[in-house]
Amino acid sequence: MAENFDACPYCGNTIMKGAMRCVACGKIVKTADEQADAIKTLTKTKKKFRVPGFFKLIAFLLAAGAAYHYFPDQINGILQSVLDYFGK
């Protein structure tokens, strides 16, 4: 966990790595150019498509569909009771 933190060069307080301003003393830790580069890097970073998460979603939807196919009356009863409970 300590690898995620640095020391402020001004007051020595613990700050997160890559922080632009020290929370304790309020001084700017990064220069304007470093801040602009950090913002450009963050905006260029694309979210990667997570294959395992996609397969988990598909498996969940298939399981829910199969459960509804085999037990529609029970599931409808449960959903209706939940809706009645929160509808009060």
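Residues numbered from 1 in each chain as written. Predicted model: local features only at pLDDT ≥ 70, side-chain atom pairs only at ≥ 80, totals over all residues. Heavy atoms only, no water.

Enquirer: Could you give an account of the overall build of the chain, naming the residues involved and the relevant values?
Expert: Counting its regular elements, the chain contains 3 helices and 2 strands. The N-to-C order of helical and strand elements in the chain reads β-β-α-α-α. Computed over C-alpha atoms, the radius of gyration of the chain comes to 25 Å, more than 25% over the 12 Å expected from 2.2 N^0.38 for 88 residues, which places it beyond the range of a compact globule. On the principal axes, the C-alpha backbone points of the chain span a range of 65 × 35 × 25 Å. Counting across all 88 residues of the chain, residues that qualify as buried make up 6%. In the chain, 0% of the contacts between residues at least 6 apart in sequence involve partners at least 24 apart. As presented, the chain carries roughly 7900 Å² of accessible surface, and 65% of it is formed by carbon and sulfur atoms. (Helix = DSSP H or I, 4+ residues; strand = E, 2+ residues; numbered from the N terminus. Rg over C-alpha atoms; globule rule 2.2 N^0.38 Å. Buried < 20%, exposed > 50% of the residue type's maximum accessible area, 1.4 Å probe, protein only. Contact = heavy atoms within 4.5 Å. Areas by Shrake-Rupley, 256 points an atom, 1.4 Å probe, with all protein chains shown as cover.)

Enquirer: Run through a nonpolar patch on the surface, naming residues and quoting values.
Expert: Where nonpolar side chains cluster on the molecular surface, the patch consists of V51, F54, F55, L57, I58, F60, L61 and L62 and spans about 800 Å² of accessible area. With respect to the helices and strands, the residue I58 is situated in helix α2 (residues 51-70). The partly exposed category is assigned to I58, whose relative accessible area is 34%. (Patch = residues over 30% accessible without salt bridge, like charges linked within 9 Å, V, L, I, M, F, W, Y side chains within 5 Å. Salt bridge = Lys/Arg side-chain N within 4 Å of Asp/Glu carboxyl O.)

Enquirer: Give me the lowdown on the state of the cysteines, citing residues and values where you can.
Expert: Disulfides are covalent bonds that connect the sulfur atoms of two cysteines. A full pass over the atoms with the stated rule returns 0 disulfides. Between C8, a cysteine without a disulfide, and C22, which holds the nearest cysteine sulfur, the sulfur-to-sulfur distance is 3.6 Å. In this structure C8 comes out as buried when scored by relative accessible area, which is 4%. (Disulfide = S-S within 2.5 Å.)

Bear in mind that shape data such as this cannot, by itself, settle questions of function.
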